[in-house]
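# Close look at the chain arrangement
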Amino acid sequence: MKKRKGYIFTNKKHSNRAVMATILGTISLTALGVVIFLTCRDAGAARTGYGFTGLLSMLYSLAGLYLGLATVRDKTYYRLFPVLGVVLNLAVLGLVGLILYMGVNG
């Protein structure tokens, strides 16, 4: 079969803020995952640096959530990166909240 050439008649593009929100969410989720893994490997003994990494991860995800939410409502941009950034950053905030909840009740 002959491949058809398709043309996209739109002026939409990816937002730089949304891409940054996705990058911040990925960095935050990766850093938090590494901290959780290292803490589990050491039988629950967390170092002070792990707490600082968790705090920094939470701050990155708050900034990424702001960037993602600011872009998700704009109709002139594609929705992939804003939605992905919001989901990743909400996952990080949920994990930090779960860690804090388990620390208080554990």
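Anyway, here's the lowdown on the structure attached to this text. (Residues numbered from 1 in each chain as written. Predicted model: local features only at pLDDT ≥ 70, side-chain atom pairs only at ≥ 80, totals over all residues. Heavy atoms only, no water.)

The final tally for this structure, using the stated rule, is one salt bridge. Put simply, Arg41 and Asp42 hold a salt bridge, and the shortest N to O gap is 3.9 Å. Accessibility expressed as a relative area gives 56% for Arg41, which makes it exposed. (Salt bridge = Lys/Arg side-chain N within 4 Å of Asp/Glu carboxyl O. Buried < 20%, exposed > 50% of the residue type's maximum accessible area, 1.4 Å probe, protein only.)

Helix-helix packing: each pair is described by the crossing angle between the helix axes and the interaxial distance. In contact at an axis separation of 8 Å, helix α1 (residues 16-41) and helix α3 (residues 80-105) are set at 30° when each is read in the N-to-C sense. Considering their axes alone, α1 and α3 lie roughly parallel with respect to each other. In this structure, α1 meets α3 at a crossing whose hand is left-handed. Contact residues: α1 offers Ala18, Val19, Ala21, Thr22, Leu24, Gly25, Thr26, Ser28, Leu29, Leu32 and Ile36, while α3 offers Phe81, Pro82, Leu84, Gly85, Leu88, Asn89, Val92, Leu95, Val96 and Ile99. Here the contact of α1 with α3 is built from residues that sort into 15 nonpolar, six polar and no charged. (Axes fitted to C-alpha atoms, helices over the stretch in contact; angles between N-to-C directions. Helix = DSSP H or I, 4+ residues; strand = E, 2+ residues; numbered from the N terminus. Parallel < 35°, antiparallel > 145°, perpendicular 65-115°, else oblique. Left-handed = near helix turned anticlockwise from the far one by under 90°. Contact = heavy atoms within 4.5 Å. Nonpolar A, V, L, I, M, F, W, Y, C, P; charged D, E, K, R; others polar.)

It is worth spelling out the packing of α1 against helix α2 (residues 48-72) at this point. Direction vectors running N to C along α1 and α2 enclose 155°, while the axes themselves pass 8 Å from each other. One element, α1, and the other, α2, form an angle in the roughly antiparallel class. As for how α1 packs across α2, the hand of that crossing is left-handed. Judged by residue contacts, Arg17, Ala18, Met20, Ala21, Leu24, Ile27, Ser28, Ala31, Leu32, Val35, Leu38 and Thr39 of α1 engage Tyr50, Thr53, Gly54, Ser57, Tyr60, Ser61, Ala63, Gly64, Leu67, Gly68, Ala70 and Thr71 from α2. Considering only residue class, the contact of α1 with α2 consists of 14 nonpolar, nine polar and one charged.

Quantified by volume, the largest pocket comes out at close to 390 Å³. Leu32, Val35, Ile36, Thr39 and Ile99 are, among the 16 residues lining the largest pocket, the residues nearest its centre. Residue classes in the lining of the largest pocket are distributed as 13 nonpolar, three polar and no charged. (1 Å grid on protein atoms, 1.4 Å probe; cavity = no way out; pocket = protein on both sides within 12 Å on 5 of 7 lines; lining within 4 Å. Points joined across faces, edges and corners; volume = space filled by probe spheres on them.)

Here we come to α1. The terminal C-alpha atoms of α1 lie 37 Å apart, and with 26 residues this matches the ideal 38 Å at 1.5 Å per residue to within 8%. Residues Ala18, Ala21, Thr22, Leu24, Gly25, Ser28, Leu32, Val35 and Thr39 constitute the buried set of α1. One or two steps after α1, the chain reaches Ala43, where phi turns positive at roughly 60°. (Expected span 1.5 Å × (residues − 1).)

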